[in-house]
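# What the coordinates show
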Amino acid sequence: MSMHQPSADEIVSRLPELAPYGRSAVRLHPERGEPTEQGSSVGGPLLWPSDEPWPMCSEPDDEEPSGLPAVAMVPVAQIYASDAPGPWWPTGIDLLQILWCPNEHWEAPPNQADVSPLVEVRWRRAADVGVALPPPPVPARHYDYGYLPNPCTIRTEQIIDFPYREELPEELRPRLRKLIEDTDIEGKDSITRIAGWKIGGWPTWHLTCPSAFDCEECQGRMALLFTVASDDLVTGVVVGRAGDLRIFACPNDHRHPFHVDLH
Ligand SMILES: [Zn+2]
Ligand SMILES: [Zn+2]
């Protein structure tokens, strides 16, 4: 029984066959605060070009089957590359923005998760954004719990992330299971189910069989880009049954459609 998060070196020294499966990731630790558009944030103001329309959602939702009037999306996260360097940044891009429509959508478009907020992703070069936009429009209606993130600044932590055991060759799984038991933190898997918000890394599949998503445009295997976690105290975000909302992206071209999965 260990009481600390085992480091990647500790994990690999105990199970060297895991080494090739390590993927870089950045854990995002939100803290209530007053983020600005110049910094990485959850639920903070976005650096937004004044000539670019704010994203609106007119998909049918839980409260309004017509989807009208269209609902202004709200900022979920804004991440600067300097805070979270890694292979997920397309060339020349240094700002990732994630927004969503804060309603539940029962007939979501195929790349979105059902019974969830509808996600929008924007990639930018911060230097290209001129004058910041005045405050964005307020949503005309919103679900009453869990989809309006509190403004938070972010502390980041670079890690090596390991896959959920069912994504590994069968012969490795019993030894990984043993290692997970030996290193648990208060009974929780601290190796293949790192909790919280993160960019990059591996998705967990502790509720369902592992799924893989292929890009609609180029059939490339999509990679986990971003994980939105649930916590009602700090960010106020609760998705699914206190689960995670994961955004998968095409590694070949960031302009190809993303895919959202709720777990
Ligand atoms: Zn909507
Ligand atoms: Zn693609």
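The structure contained in this document is the topic of the report that follows. (Residues numbered from 1 in each chain as written. Chains lettered and ligands numbered in written order. Predicted model: local features only at pLDDT ≥ 70, side-chain atom pairs only at ≥ 80, totals over all residues. Heavy atoms only, no water.)

## Some details on the coordination of the zinc ion (ligand 1)
Here is the rule: Here a donor is any nitrogen, oxygen or sulfur atom (N, O, S) within 2.8 Å of the metal, with 3.2 Å used for Na, K and Ca; water is not among the atoms considered, so some sites may look incomplete. In this text, helices come from DSSP runs of H or I with a minimum length of four residues, and strands from runs of E with a minimum of two, each type numbered from the N-terminal end. The buried label applies to any residue whose accessible area, calculated with a 1.4 Å probe on protein chains only, is under 20% of its type's maximum; exposed applies above 50%, and partly exposed to all values in between.
The coordination sphere of the zinc ion (ligand 1) contains the protein donors Cys-57 (SG), Cys-101 (SG) and His-105 (NE2), at a distance range of 2.1 to 2.3 Å. The sequence motif formed by the donor residues of the zinc ion (ligand 1) is C-x43-C-x3-H. On the criterion of sequence distance, the pair formed by Cys-57 in strand 3 (residues 56-57) and His-105 in strand 6 (residues 95-105) is long-range, its members being 48 residues apart. With respect to burial, Cys-57 and His-105 carry one shared label: buried.

## Re the coordination of the zinc ion (ligand 2)
Put simply, the rule is: Here a site with four donors is tetrahedral if all angles are between 85 and 135 degrees, and a site with four or six donors is square planar or octahedral if opposite donors are over 155 degrees apart and the other angles are between 65 and 115; anything else gets the irregular label.
The coordination sphere of the zinc ion (ligand 2) contains the protein donors Cys-215 (SG), Cys-218 (SG), Cys-250 (SG) and His-256 (ND1), at a distance range of 2.1 to 2.3 Å. Because the angles between the four donor atoms bound to the zinc ion (ligand 2) fall within 102 to 115°, the donor set is best described as tetrahedral. Donor residues for the zinc ion (ligand 2), ordered by position in the chain, follow C-x2-C-x31-C-x5-H. Of the two residues, Cys-215 is situated in the loop between strand 9 (197-200) and strand 10 (223-229) and Cys-250 in the loop between strand 11 (244-249) and strand 12 (259-262); the sequence distance between them amounts to 35 residues. Classification of Cys-250 as buried rests on a relative accessible area of 6%.

## Describing the pairing of strand 8 (residues 152-161)
Keep this limit in mind: Each pair of strands is called paired provided DSSP finds at least two bridges between the two strands.
Pairing of strand 1 (residues 23-32) with strand 8, which is carried by 10 bridges, proceeds in the antiparallel orientation. Across the sheet, Ala-25 pairs through a bridge with Ile-159, a residue of strand 8. As paired strands, strand 2 (residues 41-42) and strand 8 are joined by two bridges and run antiparallel to one another. Note on strand 8: the bridge partner recorded for Val-42 is Cys-152.

## Observations regarding the sheet that holds strand 8
Pairing is antiparallel in the open sheet, where 10 strands are placed in the order 7-6-5-2-8-1-9-10-11-12. At either end of the open sheet lies a strand with only one pairing partner, and these are strand 7 (116-124) and strand 12. Alignment of strand 9 against strand 10, held across two bridges, turns out to be antiparallel. Bridged to Ile-199 within strand 10 is Phe-226.

## Quick word on the pattern of salt bridges
Using the following cut-off: The salt bridge criterion pairs a side-chain nitrogen of Lys or Arg with a carboxyl oxygen of Asp or Glu, the two atoms within 4 Å.
One pass over the full model with this rule turns up 14 salt bridges. Here Arg-122 and Glu-120 are joined by a salt bridge, their closest N and O atoms 3.0 Å apart. The partly exposed category is assigned to Glu-120, whose relative accessible area is 22%. Here Asp-161 makes a salt bridge to Lys-198, at a shortest N to O gap of 2.5 Å. Of this pair, Asp-161 sits in strand 8 while Lys-198 sits in strand 9, and the two are 37 residues apart along the sequence. Asp-161 sits in the buried class, given a relative accessible area of 1%.

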